[in-house]
2 protein chains.
Amino acid sequence: MTVSRALNNRENVDDKTRKKVLDTAKRLGYKPNQIAKSLVLNKTYTIGVVVPEISHSFFPEVIRGIEEVTYQRQYHLILTHSAEKQKREKDAINTLESHRVDGILISTAESVKNFKLYKELINSNYPVVFFDRYVEGIGASTVGINDKESSRQITKHLIDHGYKKLAHLSGPSKVSIGLKRLEGFKEALKEANLEINEELIIESGFQESGGYKAMNKLLKLPKNKRPRAVVAVNDPAAFGAMRAIRDAGLNIPDDIAIVGFTDDIRAELLPCPLTTIRQPAYEVGKKAAKKLIDCIDGDDTVENIVVDTELIIRKSCGCK
Amino acid sequence: MTVSRALNNRENVDDKTRKKVLDTAKRLGYKPNQIAKSLVLNKTYTIGVVVPEISHSFFPEVIRGIEEVTYQRQYHLILTHSAEKQKREKDAINTLESHRVDGILISTAESVKNFKLYKELINSNYPVVFFDRYVEGIGASTVGINDKESSRQITKHLIDHGYKKLAHLSGPSKVSIGLKRLEGFKEALKEANLEINEELIIESGFQESGGYKAMNKLLKLPKNKRPRAVVAVNDPAAFGAMRAIRDAGLNIPDDIAIVGFTDDIRAELLPCPLTTIRQPAYEVGKKAAKKLIDCIDGDDTVENIVVDTELIIRKSCGCK
DNA sequence: TTGTACGCGTTATCAA
DNA sequence: TTGATAACGCGTACAA
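Rules behind the numbers
- Residues numbered from 1 in each chain as written.
- Chains lettered and ligands numbered in written order.
- Predicted model: local features only at pLDDT ≥ 70, side-chain atom pairs only at ≥ 80, totals over all residues.
- Heavy atoms only, no water.
- Helix = DSSP H or I, 4+ residues; strand = E, 2+ residues; numbered from the N terminus.
- Expected span 1.5 Å × (residues − 1).
- Contact = heavy atoms within 4.5 Å.
- Near = heavy atom within 4 Å.
- Polar contact = N/O pair within 3.5 Å; in protein donor to acceptor, adjacent residues only side chain to side chain.
- Nonpolar A, V, L, I, M, F, W, Y, C, P; charged D, E, K, R; others polar.
- Buried area = accessible area lost by both parts, 1.4 Å probe.
- Salt bridge = Lys/Arg side-chain N within 4 Å of Asp/Glu carboxyl O.
- Pairing = 2+ DSSP bridges.
- Axes fitted to C-alpha atoms, helices over the stretch in contact; angles between N-to-C directions.
- Parallel < 35°, antiparallel > 145°, perpendicular 65-115°, else oblique.
- Least-squares fit on C-alpha atoms with pLDDT ≥ 70 in both.
- Domains from an automatic or database assignment.
- Left-handed = near helix turned anticlockwise from the far one by under 90°.
- Phe/Tyr/Trp six-rings, centres within 6.5 Å; stacked < 30°, edge-to-face > 60°.
- Buried < 20%, exposed > 50% of the residue type's maximum accessible area, 1.4 Å probe, protein only.
- Lys NZ or Arg CZ within 6 Å of the ring centre and 35° of its normal.

We now examine helix α9 (residues 208-219) of chain B. Between its terminal C-alpha atoms α9 of chain B stretches 16 Å, which fits the 16 Å expected from 12 residues at 1.5 Å a residue. If you follow the buried residues of α9 of chain B, they end up packed against β6 (166-170), β7 (201-203), β8 (229-232) and α10 (235-247) of chain B.

This is the structure in structure tokens:
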């Protein structure tokens, strides 16, 4: 016990004893066993992170933000990856619980169809914060952007520059950010008194391959029905769509204009740089981690934290 | 004890008892406590990863590879980030030890000046595998590429196309891959009987900013001493250098040719696509994780695993 | 200031 | 097949 006190810099230890303990600890290469500590304190100083993908742009930046905060606040990070699969996400959450992480940060996988697991987690008082792809109204805080408003804004940008026939490549039907972006798209059309043509709203999902396929469907429409401009749910989907447009021998933006969402690192480097919405990934990571650790420390207010986005105008929209 | 046996699917439990246990466990929402398990078994099924950066390209892919293997083999991942700082790397390793991870994967930070900490780790029989930025000859396995040979190859490519005055933007002087790439560069010059001009070898480090600064130094040389082609230690350094060249009003590759190393996702998208060496990041991650888990499982052979690279010829070298 | 007893949740071991 | 006991390494509570 005296050893424990000495190692933890408590007051009530004789200086000589303390020195002896510390010297011996050093000599023997003693390393405190965090596992035993966790067991007795019922606290691991570890948080779990579940990301749906580890691609090249958005999520690594978010993770960097999370890591920054956890490092500062002396927490650690168990990283899991759902690969957009519901089963893997479930496995991840279960093992994070088993490892008794103090809280969990989640960005939902594309294929998640119901929120029972999340609800159970939250109802059992497990601290959970969603980031980017969130589920609202089930009692957990969220950190994200204003998807609807940002989507409305970028759609309006196209409309303001005279485009009238707009298509939308939408996200998976169950994922919040996809739905909100779709809403924003529709709202912008309504505000401009443009007809909403369901034929021009195609589910692409979040991946490049889906964007490619979805765009090809649009390109198969008779010429007079084809869209003049496309709002993609995110940048990867836009990249796929751009490839489809180019493969069809058409020009961006002269034949078809297109905009994305994310500001992927590749967006500005493309042959025709992509107009998009910049999401501050690093900020999202930091705020999510902060909120989670606050929750762990007893903050039980549920917040929906919104970080600001920025419309980045490049060439693909043909407005510049 | 019977409960433990039932939950762990052991043989010697009566079927009725087992059913009762499982039902009750479910009803109570029982989740095994991995922490307690770890304490008694002295095994956490967790590995620690130390990366020097979480940028947009190489390391996220490596991590994806690591995650794939750990998921399959039922391990978990504690991710730490040294941000290229020696102190943070040290903190990371210490806390990973305290968390009793079963093994550690390390890619060394740029600023690490001595290997004492690594040696202690390895000498205390802690399973350690280095990946990408490795330290050889201290008893740990490594997974990387043949840096020297790849560097020699890409340098030779430039020489074969007639360039005679070559510069090198080198990595930090203490990091293995930087040194090896420098060696490869020199070797290619020697083989071609070209003079090695130390004035044209400048330390840029691994970051874009360093590449920019280093290139500016080269550009300040009198015109007749300036290099005609530049071999950068990696792609980010090359990106910085390209910016410096463009800022000086010069053309790539007509005034100065340049090549990189990594095949960062941005390399092919640049206005002048970058000739580079492709490193199979995902493979590196998988092989490193596999080797580490093998070590944990008792494999005590020290291997230096080399994964193949590929020379990717684009426009920046002016050879195509 | 120092030390003793106990408990965290689990498994191994050995006895019933 | 089931159960009792001890142990993993640590911190809390209390006693000396």
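With that settled, the discussion passes to the protein's contact with DNA strand C. In the region of DNA strand C, 21 residues are neighbours, and R5 and T17 of chain A together with S4, Y30 and N33 of chain B sit closest. Protein-adjacent atoms of DNA strand C, using a 4 Å cutoff, are sugar or phosphate at a proportion of 62%. In the model, a phosphate oxygen of DNA strand C is placed 3.0 Å from a nitrogen or oxygen of the R10 of chain B side chain. Broken down by secondary-structure element, the contributors of at least two residues to the surface near DNA strand C are α1 (2-7) and α3 (34-41) of chain A together with α3 (34-41) of chain B. At 4 residues, α3 of chain B tops the list of elements feeding residues into the surface near DNA strand C. Across the surface near DNA strand C, the residue classes break down as 10 nonpolar, 6 polar and 5 charged.

Quick look at the interface of chain A and chain B now. Across the contact, 40 residues belong to chain A and 40 residues belong to chain B. Taken together, both faces of the contact between chain A and chain B bury some 4,100 Å²; the carbon and sulfur share is 60%. Across the salt bridge formed by E68 of chain B and R88 of chain A, the nearest N and O atoms sit 3.3 Å from each other. Remark: the boundary between chain A and chain B carries 25 residue pairs in polar contact (both at pLDDT 80 or more). Breaking the side of chain A that touches chain B down by element, the ones donating at least two residues are α3, α4 (58-72), β2 (76-81) and α5 (86-98) of chain A. Here the residues of the side of chain A that touches chain B are counted per class, giving 14 nonpolar, 15 polar and 11 charged.

This paragraph deals with the sheet that holds strand β8 (residues 229-232) of chain A. Residues and elements named next belong to chain A. Taken in spatial order, the 4 strands line up as β7-β6-β8-β9 in an open sheet, and their pairing is parallel. Either end of the sheet is taken by a strand with one partner, and the two such strands are β7 (201-203) and β9 (257-259). Across this sheet, the average inter-strand angle for adjacent strands is 20°, counted without regard to direction. By the bridge criterion, 3 bridges tie strand β6 (residues 166-170) to β7 in an arrangement that is parallel. Following the sheet pairing, S170 is matched in β7 by E203.

Let us look at the packing of α4 of chain A against helix α5 (residues 86-98) of chain B. Running from N to C, α4 of chain A and α5 of chain B cross one another at 75°; their axes reach a closest spacing of 12 Å. Between α4 of chain A and α5 of chain B, the crossing angle belongs to the class labelled roughly perpendicular. Judged by residue contacts, E67, E68 and Y71 of chain A of α4 of chain A engage K87, R88 and D91 of chain B from α5 of chain B. Looking at the contact of α4 of chain A with α5 of chain B residue by residue, the class counts come to 1 nonpolar, no polar and 5 charged.

Our next topic: the sheet that holds β7 of chain B. Residues and elements named next belong to chain B. Taken together, the 4 strands give an open sheet; going across it, the order is β7-β6-β8-β9, and neighbouring strands pair in parallel fashion. In this open sheet, the two edge strands, each paired with only one partner strand, are β7 and β9 (257-259). Going across the sheet, the axis of each strand differs from the next one's by a mean of 20°, ignoring polarity. Contacts from helix α8 (residues 176-191) reach β6, β7 and β8 within the one sheet, and its direction differs from that of β6 by about 170°.

The next thing to look at is the relation of the copies chain A and chain B. The operation relating the two chain copies consists of a rotation about an axis and a shift along that axis. The two copies are related by a screw operation: chain A maps onto chain B through 180° of rotation and 0.0 Å of translation along the axis, at an RMSD of 0.1 Å. What the rotation and shift describe, once combined, is the action of a two-fold rotation axis. When you check the interface residues of chain A against chain B, 100% turn up at the interface there too, and the contact is symmetric in its surfaces.

Attention now moves to the domain arrangement of chain A. Taken as a whole, chain A is organised into domain 1 (1-32), domain 2 (43-145 + 280-309) and domain 3 (147-278). In this structure, domain 1 of chain A and domain 3 of chain A have C-alpha centres spaced 63 Å apart.

Our next topic: the side chain of D264 of chain A. Residue and element names in this part refer to chain A. Following the sequence through the fold, D264 ends up in the loop between β9 and β10 (276-278). A distance of 2.8 Å separates the side chain of D264 from the backbone nitrogen of R266, its partner in a polar contact. If we skip the residues at most four places from it in the chain, D264 touches S57, D235 and F239.

Moving on to the packing of helix α4 (residues 58-72) of chain B against helix α11 (residues 281-296) of chain B. All names here are of chain B. Following both chains from N to C, one finds α4 and α11 inclined at 40°, their axes separated by 7 Å at the closest point. In terms of orientation, α4 lies oblique with respect to α11. As α4 packs across α11, the resulting crossing turns out to be right-handed. Together, F58, E61, V62, R64, G65, I66, E68, V69 and T70 of α4 and A281, Y282, G285, K286, A289, K290 and I293 of α11 make up the contact between the two elements. Residue composition of the contact of α4 with α11, grouped by class: 8 nonpolar, 3 polar and 5 charged.

Another point: the packing of aromatic side chains. This model, assessed by the stated rule, comprises 10 aromatic pairs over all chains. With a centroid separation of 6.3 Å and 70° between ring planes, the pair formed by F59 of chain A and F131 of chain A is classed as edge-to-face. Taken as a pair, F59 of chain A in helix α4 and F131 of chain A in strand β4 (residues 128-131) lie far apart in primary sequence, 72 residues in all. Taken as a pair, F59 of chain A and F131 of chain A share a single burial class, namely buried. The rings of F58, F59 and F131 of chain A are connected pair by pair, giving a single aromatic cluster. Here R88 of chain B stacks its cationic end above the ring of Y71 of chain A, 3.9 Å away from the centre of that ring.

Taken together, 20 residues sit near DNA strand D, with M1, S4 and Y30 of chain A together with R5 and T17 of chain B positioned nearest. Across the atoms of DNA strand D situated within 4 Å of the protein, the share located in sugar and phosphate is 62%. N8 of chain A is positioned such that a nitrogen or oxygen atom in its side chain is 3.3 Å from a phosphate oxygen of DNA strand D. Contact between DNA strand D and N33 of chain A: a phosphate oxygen at 3.0 Å from a main-chain N or O atom of the residue. Counting only elements with at least two residues in the surface near DNA strand D, the list comes to α3 of chain A together with α1 (2-7) and α3 of chain B. Within the surface near DNA strand D, the residues separate by chemical class into 10 nonpolar, 6 polar and 4 charged.

All names here are of chain A. Looking at F131, the relative accessible area reads 0%, which means it is buried. Linking F131 and A288, residues 157 residues apart in sequence, is a C-alpha distance of 6.3 Å. Those residues within four positions of F131 in sequence are excluded, and the remaining contacts are V49, V50, V51, F59, V62, L105, I106, S107, V143, V284 and A288.

All names here are of chain A. The step from I252 to P253 runs through a cis peptide bond, and the omega angle for that step is 5°. As for its position among the elements, P253 is in the loop between α10 (235-247) and β9. Phi angles above zero are rare outside glycine, and N9 is one such case at about 55°. Classification of N9 as exposed rests on a relative accessible area of 60%. Its identity as a non-glycine residue notwithstanding, A83 has a phi of 50°, on the positive side. Here A83 is to be found in the loop between β2 and α5. Residue classification places A83 among the partly exposed residues on the basis of a relative accessible area of 22%.

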